[in-house]
Amino acid sequence: MRELESILKSFEPGERIDTNWYVLTGGPSTGKTTTINLLFEKGYKTTIEHARHYIDTQQIDGKTVAEVRANQEKFQLGVLKMQIEEEKSLAPSDMVFLDRAIPDGLAYYRFLNIPERESLKDVWQLFQYKKIFILERLPFIKDYARTEDEAAQRKIHELIIDTYKSFGFSLVHVPALPPEERVDFILKNL
């Protein structure tokens, strides 16, 4: 938490940074990373999904997924730290597609019933994103990093939508289409 607090101290309380960034989000297994990868292949600037990256870095250090997820608050803080560091490194004027964004962390806090720290209240709305693309749910596929089930997928998906709505972001729902058609839909709705 100390590392995260030192990052947060570099921002002014209540600071809001306008960006030219588009967020692709939704519950687990909604095709976010597939869509982001296709946008990258088309030459757009993109980011990675940090929960999976955090798990991968911890596995390199010899931890199992179960060990990484055993302390959910520590896991969520680790993911949030990576997300903040990446978003802080991006130029606000650049057009970027993000595979999730900082407010997703708040939705997961709420899903996991982790107490919302007062020290994080400003971080959830630190960046003002251009538009939020909510990828509609696809059939749930479990893998090494996903510990949720289909019921959790639905609940997380709803919490993500509610969180972004509560911050007043413009939401665009991306239908469950083949990947290339999803990319076309997103690009037509910028």
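To start, this report covers the structure provided alongside it. Keep in mind that this is a model prediction, so the values were computed, not measured.

## Brief notes about the overall build of the chain
Across its full length, the chain carries eight helices and seven strands. Out of the 190 residues belonging to the chain, those deemed buried represent 48%. A separation threshold of at least 6 residues defines the contact pool for the chain, and within that pool the share at least 24 residues apart is 78%. Roughly 9,300 Å² of accessible area belongs to the chain as shown, and the carbon and sulfur atoms make up 51% of that amount.

## Quick look at the packing of helix H5 (residues 72-89) against helix H6 (residues 102-111)
Viewed as axis vectors pointing N to C, H5 and H6 meet at an angle of 170 degrees, and their least axial separation amounts to 9 Å. Our classification of the angle between H5 and H6 gives roughly antiparallel. Every residue of H6 that contacts H5 at Glu-73, Gln-76, Leu-77, Leu-80, Gln-83, Ile-84 and Glu-87 is listed here: Ile-102, Tyr-108 and Tyr-109.

## Focus on the pattern of salt bridges
For the structure on display, the rule yields six salt bridges. Ionic pairing is found between Lys-45 and Asp-94, a salt bridge with its closest N-O pair at 3.3 Å. Taken together, the residues Lys-45 in strand S3 (residues 45-46) and Asp-94 in the loop between H5 and strand S4 (95-99) connect sequence positions 49 residues apart. Exposure remark for Lys-45: the relative accessible area of 38% places this residue in the partly exposed category. By relative accessible area, which is 30% here, Asp-94 ends up partly exposed. Put simply, Asp-104 and Arg-100 hold a salt bridge, and the shortest N to O gap is 2.7 Å. Several salt bridges share partner residues, and in doing so they unite Glu-49, Arg-100 and Asp-104 into one network.

## Observations concerning H6
Burial of H6 is extensive: eight of the ten residues sit out of reach of the surface. Two residues or fewer past H6, Asn-113 is found with a positive phi of approximately 55 degrees.

## Description of the pairing of strand S6 (residues 131-135)
Judged by how many residues are buried, S6 sits mostly within the fold: five of five residues are covered. The side-chain alternation of S6 yields two buried faces, one formed by Lys-131, Phe-133 and Leu-135 and the other by Ile-132 and Ile-134. Taken together, the four bridges between strand S2 (residues 20-25) and S6 define a ladder with parallel strand orientation. Paired with Leu-24 across the bridge in S6 is Phe-133. When S6 meets strand S7 (residues 171-174), the two strands line up parallel, connected through four bridges. Residue pairing for S7: Phe-133 is matched across the bridge by Val-172.

Calculation notes
- Residues numbered from 1 in each chain as written.
- Predicted model: local features only at pLDDT ≥ 70, side-chain atom pairs only at ≥ 80, totals over all residues.
- Heavy atoms only, no water.
- Helix = DSSP H or I, 4+ residues; strand = E, 2+ residues; numbered from the N terminus.
- Buried < 20%, exposed > 50% of the residue type's maximum accessible area, 1.4 Å probe, protein only.
- Contact = heavy atoms within 4.5 Å.
- Areas by Shrake-Rupley, 256 points an atom, 1.4 Å probe, with all protein chains shown as cover.
- Axes fitted to C-alpha atoms, helices over the stretch in contact; angles between N-to-C directions.
- Parallel < 35°, antiparallel > 145°, perpendicular 65-115°, else oblique.
- Salt bridge = Lys/Arg side-chain N within 4 Å of Asp/Glu carboxyl O.
- Pairing = 2+ DSSP bridges.

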